[in-house]
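Residue-level structural notes
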Amino acid sequence: MPRLSRCMIRAALGHLALGFLIGGLMLAHKAFPYAPWVMRLLPWHIHSLFIGWTVQLAFGVAYWIFPRFALERPGDPRGRAGWAWASFGLLNAGALSAGLAGAAGWGVGLAVGAGLEALGVFAFAIHLWPRVRPAVLQ
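Residues numbered from 1 in each chain as written. Predicted model: local features only at pLDDT ≥ 70, side-chain atom pairs only at ≥ 80, totals over all residues. Heavy atoms only, no water.

1. Quick look at the overall build of the chain
- A tally of helices and strands in the chain yields four helices and zero strands.
- Projected onto the principal axes, the alpha-carbon positions of the chain cover approximately 65 × 30 × 25 Å.
- Counting only residues that meet the buried cut, the chain has 39% of its 138 residues in that class.
- Taking the intrachain contacts of the chain between residues at least 6 apart in sequence as the baseline, contacts between residues at least 24 apart amount to 72%. (Helix = DSSP H or I, 4+ residues; strand = E, 2+ residues; numbered from the N terminus. Buried < 20%, exposed > 50% of the residue type's maximum accessible area, 1.4 Å probe, protein only. Contact = heavy atoms within 4.5 Å.)

2. Some remarks on helix 4 (residues 107-128)
- Here helix 4 contains 22 residues, and its C-alpha end-to-end distance of 32 Å stays within 8% of the 32 Å for a straight helix at 1.5 Å per residue.
- G109, G113, E117, G120, A123, F124, H127 and L128 are the residues of helix 4 that are buried. Relative to the axis of helix 4, the buried residues are bounded by an arc of 130° and lie together on one face. Opposite its buried face, helix 4 presents the exposed residues G107, V108, A111 and F122, each directed more than 90 degrees away.
- Structurally, helix 4 contributes buried residues whose contacts are with helix 1 (3-31), helix 2 (42-65) and helix 3 (81-104). (Expected span 1.5 Å × (residues − 1). Arc of directions from axis to C-beta.)

3. What to know about the side chain of E117
- With respect to the helices, strands and loops of the structure, E117 is situated in helix 4.
- Buried and unpaired, E117 has no salt bridge, with R40 as the nearest side chain of opposite charge at 18 Å.
- There is a polar contact of 3.3 Å between the side chain of E117 and the backbone nitrogen of A95.
- Each residue touching E117, except ones within four places of it in the same chain, is listed here: H47, I51, L90, L91, G94, A95 and A98. (Lys, Arg positive; Asp, Glu negative; His and termini not counted. Salt bridge = Lys/Arg side-chain N within 4 Å of Asp/Glu carboxyl O. Polar contact = N/O pair within 3.5 Å; in protein donor to acceptor, adjacent residues only side chain to side chain.)

4. Quick look at the packing of helix 1 against helix 3
- Helix 3 packs onto helix 1 with a crossing angle of 10° between their chain directions and a minimal axis gap of 10 Å. One element, helix 1, and the other, helix 3, form an angle in the roughly parallel class. Of the residues in helix 3, those in contact with R3, L4, C7, M8, A11 and H15 of helix 1 are A84, W85, S87, F88, N92 and A95.
- Residues of the contact of helix 1 with helix 3, tallied by class, amount to eight nonpolar, three polar and one charged. (Axes fitted to C-alpha atoms, helices over the stretch in contact; angles between N-to-C directions. Parallel < 35°, antiparallel > 145°, perpendicular 65-115°, else oblique. Nonpolar A, V, L, I, M, F, W, Y, C, P; charged D, E, K, R; others polar.)

See below:
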């Protein structure tokens, strides 16, 4: 498995754990009100589970599994990896900043974090686009 896939999948598992922890805290608060501030973590819960876990896991597996350039690019079989690494950084920075800004009630920061996430998706699309091609029958 390529290094980037390992990094993305491990980061996705971290976001899954964080998202479930936050969700558990919010559920516990609904059953036994102990800290009203915990409900302000909802944006972090959403961004961590949707972008951090789901999208990043899909990207990590896609980077690993999608067809490689066998003969066309022998030195770079997965294409432009810089775009995929940029996606990794942007997705995690976006999920973290959107979560923190949402918890703080800072709408501008939440929008900036969501924008970083969108840029991360766009960067991964640029990376993966050339690898989506019809199968060659032999």
